[in-house]
Structures are given as structure tokens and as C-alpha cells.
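# Architecture at a glance
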Amino acid sequence: MKDPFGRNINYLRISVTDLCNLRCKYCMPEEGIPKVPHQDVLSIEEIEKIAKVFVNLGVNKIRLTGGEPLLRNGILDIVERIGKLKGLRDFAITTNGVLLKRYAKELKLRGLKRVNISLDTLDKKKYKYITRVGKLEDVIEGIEVAKQVGLTPVKINTVLIGGFNDNEIEDIIRLTQKEEIDVRFIELMPIGEGVKYEPEYFISNQIVLEKNPKLIEVERKDLSSPAVYYKLPNAKGRIGLINPISCKFCKYCNRVRLTAQGKLKLCLHSNNEIDLKEALRSGQDIEKIIIDAVGQKPESHHLENGQYVSKKMYQIGG
Ligand code: SAM
Ligand code: SF4
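We now turn to the structure provided with this report. (Residues numbered from 1 in each chain as written. Chains lettered and ligands numbered in written order. Predicted model: local features only at pLDDT ≥ 70, side-chain atom pairs only at ≥ 80, totals over all residues. Heavy atoms only, no water.)

## Considerations on the packing of helix H1 (residues 44-56) against helix H10 (residues 286-294)
Applicable threshold: Working convention: axes come from line fits to C-alpha atoms, limited for helices to the stretch in contact. Angles between N-to-C directions cover 0 to 180 degrees. Numbering of helices and strands starts at the N terminus; helices are DSSP runs of H or I of at least 4 residues and strands are runs of E of at least 2. Angular relationships are summarised with four words: roughly parallel below 35 degrees, roughly antiparallel beyond 145, roughly perpendicular across 65 to 115, and oblique for the angles in between. Helix crossings fall into two classes, left-handed where the near helix is turned counterclockwise from the far one by less than a right angle and right-handed where it is turned clockwise. In this description, contact between two residues means that some pair of their heavy atoms is separated by no more than 4.5 Å. Side-chain classes follow a simple rule in which Ala, Val, Leu, Ile, Met, Phe, Trp, Tyr, Cys and Pro form the nonpolar group, Asp, Glu, Lys and Arg form the charged group, and the remainder, Gly included, forms the polar group.
In the contact formed by H1 and H10, the axes pass within 10 Å of each other and the chain directions differ by 60°. Here H1 lies oblique to H10, going by the angle between them. The handedness of the crossing between H1 and H10 is right-handed. Two secondary-structure elements touch here, H1 through Ile50, Val53 and Phe54 and H10 through Ile286, Glu287 and Ile290. Split into classes, the residues belonging to the contact of H1 with H10 amount to five nonpolar, no polar and one charged.

## Brief notes about unusual backbone geometry
Cis rather than trans, the peptide bond between Thr152 and Pro153 has omega equal to 0°. Along the polypeptide, Pro153 turns up in the loop between helix H5 (136-149) and strand E5 (155-160). One non-glycine residue with positive phi stands out, namely Arg132, at about 70°. Within the element layout of this structure, Arg132 appears in the loop between helix H4 (124-131) and H5. Residue Asn234 is not a glycine yet carries a positive backbone phi of 65°.

## With respect to the site of ligand 1
Heads up, the rule is: Being near a molecule or strand, for a residue, comes down to having at least one heavy atom within 4 Å of it. Any pair of nitrogen or oxygen atoms within 3.5 Å is treated as a polar contact; in protein, a donor-acceptor pairing is required on top of that, and neighbouring residues in sequence qualify only through side-chain atoms on both sides. Each accessible area value is a Shrake-Rupley result obtained with a 1.4 Å probe; residue values ignore everything except the protein chains displayed when judging cover.
In the region of ligand 1, 18 residues are neighbours, and Tyr26, Gly66, Gly67, Ser118 and Met189 sit closest. Between an oxygen atom of ligand 1 and a side-chain N or O atom of Tyr26, the distance comes to 3.1 Å. Glu68 places a side-chain nitrogen or oxygen 3.4 Å from a nitrogen atom of ligand 1. In isolation ligand 1 offers 540 Å² of accessible surface; the protein chains occlude 95% of this area. Class assignment for the residues of the shell around ligand 1 results in seven nonpolar, nine polar and two charged.

## Details of the pattern of salt bridges
Where we set the bar: The term salt bridge refers to a side-chain nitrogen of Lys or Arg lying within 4 Å of a carboxyl oxygen of Asp or Glu. Exposure categories follow from relative accessible area, calculated using a 1.4 Å probe and restricted to protein chains: below 20% of the type maximum is buried, above 50% is exposed, and the middle band is partly exposed.
Counted under the stated rule, the structure contains 19 salt bridges. For Lys126, the salt bridge is made with Glu168, and the minimal N-O distance between the two is 2.8 Å. Highlighted residues: Lys126 in helix H4 and Glu168 in the loop between E5 and helix H6 (169-178), separated in sequence by 42 residues. Each member of the pair, Lys126 together with Glu168, is buried. One salt bridge in this structure joins Lys147 and Glu179, with 2.6 Å as the shortest N-O distance.

## Description of the layout of surface pockets
Counted only if it meets this: The distinction between a cavity and a pocket rests on a 1 Å grid over the protein atoms alone: a 1.4 Å probe fits inside a cavity but cannot get out, while a pocket stays open yet meets protein on both sides within 12 Å along at least five of seven lines, and a residue with an atom within 4 Å of a point counts as lining. Grid points are joined across faces, edges and corners, and a volume is the space filled by probe spheres set on the points.
The space that makes up the second largest pocket amounts to roughly 410 Å³. The wall of the second largest pocket is formed by 15 residues, among which Lys35, His38, Val41, Arg72 and Asn73 lie closest to the centre. Here the residues of the lining of the second largest pocket are counted per class, giving eight nonpolar, four polar and three charged.

Following this line, the structure appears as C-alpha cells:
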């Protein structure tokens, strides 16, 4: 599917739940969030139906996210159904990794190809502090099991938070030295709880390059990836910088997003949504609705002008 700006839309991100087992300070309020009534959440069958229409329209990459996707009832069933869709080239999950040890093997068996794991610090106490409830050991064990079962290449997503993890950049980067792990640093965004944190704790990803002058830029093969990649000399893995604030990557955007409640979002930072759940339940032609929606995809976001999305990150899935 082409959008009005000639971009090929071939990537769908599906949030399967708003709920989470962590409370990252820049994402979720400490008390958690109200549970959405069951009937307002896309069922497993509806997720499968919508994914199928997208794949028929040319989407060849799907990522499951959340909230925490591994918390969703029936997550293995969802993975199995999507994993069977003909035409899918890439199928991944973004997870906090806490439940990965338990699920990695089954996820792989049911067709998942790889995982992105969110990890902002390598220090136990700091992990507990930033997630409010998490145990670092769970994530480290999850990463190991993901590697063992072949959910690879493993990518680690680290949100850079000034005064919190900028003194760990070198340690985190070193994870790429001996193994084919990609580490991607993401700039803190003014979304959800991040609206409170971003003005005080935002630091530009440029700091990663400043602290590591040995990093070598790697040729960009996939222009639609929001990350610009670098490598340490002789390292096996790569270091990606995702700079939504200091450097826009909208020009190559290839993705759309589906929320757990069935709303199609054409841009992470736009409030415009199309209700696919309602369309499905009232028997409308969702293929036509999706094609028309992609025809309305905005050219770029305007975070730099303070135009922030009102939905939270755990509702959109990142
Ligand atoms: N729970 C899963 C996880 O943490 O990987 C998936 C959903 S989470 C919303 C997806 C990603 O969004 C995570 O890597 C998280 O760090 C990131 N994120 C959440 N709030 C953010 C913010 N305000 N700015 C930048 N990234 C944020
Ligand atoms: Fe949960 Fe992911 Fe948000 Fe952390 S970033 S609170 S793990 S949804």
C-alpha cells in the first residue's frame, strides 16, 4: 500500500493489551491503569482477521506490543494465528522481557521470529527504581532464553534518561561487543507519563556518539528503520540511535498501528484514529476502510511544535 507521500506501508504494529506488569516511571502511573472492559478489547479472532487483511494488502512485517504483550490472555494463540499468515516476512514482539523466560520457547515454536526487549539499566537497584516493581534478573534470564531458542537477532531498547542511565552508556554498548545483539537508544518522548519527565530528563542521543568517538556508522540498508546504526570496532552487534525528537525520520515511515481496542493509528504522534473494531462488528468492508485510512497518513509529526498525542505509550505500544 502506498500512502499519499509515496511511502510503502508494509509494517503493522499491533498492541494486544494496555495492561503491564511494570510501572516504568516515564510510561505508566504508579497505581497502574483502569482495566478496559473485556468487550472493548479486540478478540483473538478480530486481531487475526485484521492482520490478515493487512497482509493481503501488502503488509509483510508485524510486531506485537502493548502494554506488556506477554500478559495478554491467549498470547500464544495470537502468535500462532499471525505466524501462519502467508506473506509475512518478519514477525516480532516488543516486550519488557519479564515473562520471556516462561514463553520464549513456545513463542518460537508458534512462528515468532524475534524479540525486542526494553531495558534501561544494567543495575539491579536502578532497574527496580525506574520500573518501580521489576527484577533485573528476570529480564537478563529472559534475554538468555530468547537467544537459546533462536528468537534472534535480539534487540535491546534503552530509553536515555538524563542523570539516570547516561553514566551506563559505555556498559550498555559493550553488550554488542561479543554477541549479535543490537542495542538501540531511544530519546525520551513527551507521551504519557513522559510528558512530566521529558522536559527535565531528556538528553539527546548525540551523547552516545560524544562519549564513544570510536563508533563507526554502518551503511543504512533499511531506510524505513527509525534507527541509524553504528558499531564498535570488531563488535558483533550494532548500536542504533532512534532520535524522534532531535532528528525526524518521518520521511521513510512505513508503519501504522492498531491499538488493543481496535483503533488504527496512522502516526504515533497524531490523535487521528479509525475504529476498525466497530467497523468489523458492524460488518463494514474493512479492506476499503484501511486503504482509505492509509490515504490519510500525515506526512510527519510535529512534536517540535509541542503537538503531543493524548493517548499514552502503553496504549499505542511504542
Ligand atoms: N511493555 C513493552 C516494553 O516495555 O517493551 C512494550 C510496550 S512499551 C510502551 C514500548 C516501548 O516504549 C518501550 O521500549 C518503552 O521504553 C518505550 N516508551 C514508553 N514510554 C516512552 C516515552 N515516554 N519515551 C520514549 N519511549 C517510551
Ligand atoms: Fe510497561 Fe513497557 Fe510501559 Fe514499562 S514501557 S510500563 S514495560 S508498557
